[in-house]
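Structural description and commentary
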Amino acid sequence: MKLRVQQLNPIIGDIEGNTALIKEAISDAEAAKIELLLLPELVVCGYSPMDLLERTAFLDTIYQANEQIAVHTKETAVLFGTVTPNQSRKGRKCFNSALLAYDGEVQAEIHKTLLPTYDIYDELRYFEPNKSFECVEFKGRKIGVTICEDIWYNFGDFHFVIYDVNPARELVDRGAEAIFNLSASPYTRNRPQTRQEMLQGQVRDLKVPVFYANQVGGNADVVSDGDSVVIGSDEKVMARAPLFKEAFVDVTWDKSNAIKNLSPGSTEIAPLMEQMFHCLVFGLKEYLRKTQVADKVVIGLSGGLDSTLVACIAVEALGAENVVGITMPSEFSSTGSVSDSEKLADNLGIKLHQISIKEIYEQFNESLNPLFRETSFGIAEENLQPRIRAILLMAYSNKFGAMLLNTGNKSELAMGYSTLYGDMAGGLAVISDLYKTEVFEMARWLNFNYFKFEIIPESVLTKPPSAELRPHQKDTDSLPAYETLDAILKAYIEEHCSKSAIIDRGFEKRTVDKVTAMVDRMEYKRAQAAPGLKVSDKAFGSGRRWPMVQRWTNNA
């Protein structure tokens, strides 16, 4: 049997456009004599449509599209993810489903069993879960069809949800000769590796091959990475589609369960920093393409590492001609604030404008003098500067239709080391899920492994990080050293460690108390932040639901 595992990039809610993509994929598969085409989860409507699923007209349009796709099929069968109605009228009104269609008709309908409700997921809000298991028969073979979470059965790892049923095992026990999984799995740090290990664990347990089709595409903060794979019954990766690209792999699957890869390309997993960089590039490109808010961007270049990295990502995603930098020195700015920005702009080939905020800042202080008289210089005067810069950047954005990119990192966002309506402004926070230490690591990787020459000035990599809002300011005046800070933050935010557990790792109690208190206290700021591209298992945003008003402290 000749199969194609294809990762498509649907747009949420664009049912007409997505249907056209699916029909094109079916026609191409027909021309290639493919017998069975596998497409991702919810490919008809995009993942996740969220509360669009509460609209009857939206559901009806999906159901009509299902019929159109089925009618389009001929000899090539297609297994695709979609929404189907719950005809029983008991429970939720629809299912997260897979349909098998060929010869112009839907031949089988399979519903998702395990509906995740953790991190970014909230599927039980919309879908009725499957409660029965049957194999699909196709050309004399018994196939077990599962949908995304159905394959993530937990064999005891406390990091993941432990379910009381393993849909893949249920299907194999009923005679399935292989497991086909339709997914819309998002990228996170090391996800390709953990996903492969999980699938190989299923193969080891089930003794049958796994065909895994994953959606690719960015949808606001979430980026699905593709990385569709076919794993043989010997646990070997037989074929792999690339990360962050629409692509497919073709294989043959014979009756002895032997699999032959018909597609060129590596089956190896890319290095971590390469994965993360391409995720951010792809996520930015997708955000602009799908929202259609702009086709170019503006960045406030400070000469610091964060804005430098965002500029590199933007140029890679959009081209130098669509990226503009503005440097806005004040009386507290170092000489490198301008000179390093100029050197970077020259290296990247982007336009750079300079606007001094010294006089504007003085005018603000003069206007506020009646209120601020007889008070000492403090955070109010410091924060005036990023707020002035935000006004200038947003004015440029409005005038020329260039979306402002936020340049804050996860360490700053966690600690509230940023200014509301100032440096927190922007349409998308590109590196908000990178800790500062990861920003350094990615910048060095870009210079020495990707660009192959010093596109990021060495002075940017070696200067002590500073907000430059008062004389001789350094980040370490207010924050622990980033190596210490980031280790504590990762333990607290991503590993859910208690304060005592973090202290037991060798960190000072005073530092741990300060860091964890600041993380909790700054939730109100993050609630007003720009959406940020997710690359970690626990990013600020849609996947972290923390109360803004709360007084619980995890000391145990």
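These remarks concern the structure in this document.

Pairing is mixed in the open sheet, where seven strands are placed in the order β5-β4-β3-β2-β1-β14-β15. Only two strands of the sheet have a single neighbouring strand rather than two, namely β5 (105-111) and β15 (259-261). Strand after strand, the sheet turns through a mean of 30° between neighbouring axes, direction not considered. Where helix α2 (residues 56-72) meets the sheet, its contacts fall on β3 (77-85), β4 (94-102) and β5, and the angle it forms with β3 comes to roughly 160°.

In this structure, Asn18 sits in helix α1 (residues 15-31). Overall, Asn18 belongs to the buried group, its relative accessible area being 2%. A distance of 3.0 Å separates a polar atom in the side chain of Asn18 from the backbone oxygen of Val44. Among all residues touching Asn18, those that are not within four sequence positions of it are Pro10, Ile11, Val43, Val44, Cys45 and Gly46.

Packing of α1 against α2 brings their axes to within 10 Å, and their N-to-C directions diverge by 15°. If you check the angle between α1 and α2, you find them roughly parallel. As α1 packs across α2, the resulting crossing turns out to be right-handed. Contacts between α1 and α2 involve Ile15, Thr19, Ile22, Lys23, Ile26 and Ser27 on the former and, on the latter, Phe58, Thr61, Ile62, Ala65, Gln68, Ile69 and His72. Here the contact of α1 with α2 is built from residues that sort into seven nonpolar, five polar and one charged.

A word on helix α9 (residues 379-400). In this model, α9 (22 residues) spans 32 Å end to end at C-alpha, consistent with the 32 Å of a helix rising 1.5 Å per residue. Taken as a whole, α9 has its buried residues at Glu381, Glu382, Asn383, Leu384, Gln385, Pro386, Ile388, Arg389, Ala390, Leu393, Tyr396 and Ser397. Those residues of α9 hidden inside the fold are in contact with β16 (297-300), β17 (323-327), β18 (351-354), α8 (358-372) and β19 (403-406). One or two residues past the end of α9 sits Gly401, with phi positive at roughly 70°.

Read across the open sheet, the six strands follow the order β6-β7-β8-β9-β12-β13; overall the sheet is mixed. Every other strand in the sheet has two partners, leaving β6 (136-138) and β13 (237-240) as the edge strands with one partner each. Each adjacent strand pair in this sheet contributes to an overall mean axis angle of 20°, direction not counted. One ladder, built from five bridges, connects strand β7 (residues 141-147) with strand β8 (residues 178-183); its direction is parallel. Directly across from Val145, in β8, lies its bridge partner Phe180.

Turning our attention to the packing of helix α13 (residues 482-494) against helix α15 (residues 509-521). It is at 10 Å that the axes of α13 and α15 come closest, and there the two elements cross at 60°. When the axis of α13 is compared with that of α15, the two are oblique. As for the relative orientation of α13 and α15, their crossing is right-handed in sense. Here Thr484, Leu485, Ile488, Leu489, Tyr492 and Ile493 of α13 come into contact with α15, specifically with Thr511, Val512, Val515, Thr516, Val519 and Asp520. Residues that form the contact of α13 with α15 fall into these classes: eight nonpolar, three polar and one charged.

In this section: the environment of Glu35. The topology assignment puts Glu35 in the loop between α1 and β2 (36-38). Sequence separation between Glu35 and Val281 is 246 residues; the distance between their C-alpha atoms is 35 Å. If we skip the residues at most four places from it in the chain, Glu35 touches Met1, Lys2, Glu75, Thr76, Ala77, Phe138 and Lys139. Polar side-chain contacts of Glu35 include one of 2.8 Å to the backbone nitrogen of Lys2. A distance of 3.1 Å separates the side chain of Glu35 from the side chain of Lys139, its partner in a polar contact.

This part covers the pattern of salt bridges. Counted according to the given criterion, the structure contains 32 salt bridges. Note that Arg189 and Glu494 form a salt bridge whose closest N and O atoms lie 3.0 Å from each other. Within this pair, whereas Arg189 is found in the loop between β8 and α4 (191-206), its partner Glu494 is found in helix α13, the two being separated by 305 residues in sequence. The two residues Arg189 and Glu494 agree in class, both being buried. For Arg544, the salt bridge goes to Glu523, with nearest N and O atoms at 2.9 Å. Taken together, the residues span a long stretch of sequence, with Arg544 in the segment after α16 (523-526) and Glu523 in helix α16 at a distance of 21 residues. For Glu523, a relative accessible area of 8% corresponds to the buried category. When salt bridges with common partners are traced through the structure, they connect Arg189, Lys410, Asp433, Glu438 and Glu494 into a single cluster.

Cut-offs used in this document
- What you see as residue numbers is a count from 1 along each chain, following the sequence as written.
- It should be noted that, the model being predicted, local features are given only for residues of pLDDT at least 70 and side-chain atom pairs only at 80 or more, the latter also being counted only at that level, while totals for whole chains, interfaces and linings use all residues.
- Hydrogens are left out, water is left out, and the side-chain values use all remaining heavy atoms of the structure.
- For two strands to be treated as a pair, DSSP must find at least two bridges joining them.
- Put simply, DSSP marks the helices as runs of H or I at least four residues long and the strands as runs of E at least two long, and each gets a number from the N terminus on.
- Axis definition: a line fit to C-alpha positions, over the contact stretch in the case of helices; interaxial angles, taken between N-to-C directions, run 0 to 180 degrees.
- By definition, residues are in contact when any of their heavy atoms lie within 4.5 Å.
- Type-normalised accessible area, obtained with a 1.4 Å probe on protein chains alone, sets the label of each residue: buried when under 20%, exposed when over 50%, and partly exposed for intermediate values.
- Any N or O atom pair separated by 3.5 Å or less is treated as a polar contact, with the protein-specific requirement of one donor-capable and one acceptor-capable atom, and with residues adjacent in sequence counted only for side-chain atom pairs.
- Under this scheme an angle from 65 to 115 degrees is roughly perpendicular, one under 35 degrees roughly parallel, and one over 145 degrees roughly antiparallel; angles in between are oblique.
- Here a crossing is taken to be left-handed if its near helix is turned anticlockwise relative to the far helix by less than a right angle, and right-handed if that turn runs clockwise.
- For this scheme, ten residues count as nonpolar: Ala, Val, Leu, Ile, Met, Phe, Trp, Tyr, Cys and Pro. Four count as charged, namely Asp, Glu, Lys and Arg, and the remainder, Gly too, count as polar.
- Between the first and last residue of a helix there are one fewer steps than residues, each counted as 1.5 Å, and that sum is the expected span.
- Any Lys or Arg side-chain nitrogen found within 4 Å of a carboxyl oxygen on Asp or Glu counts as a salt bridge.

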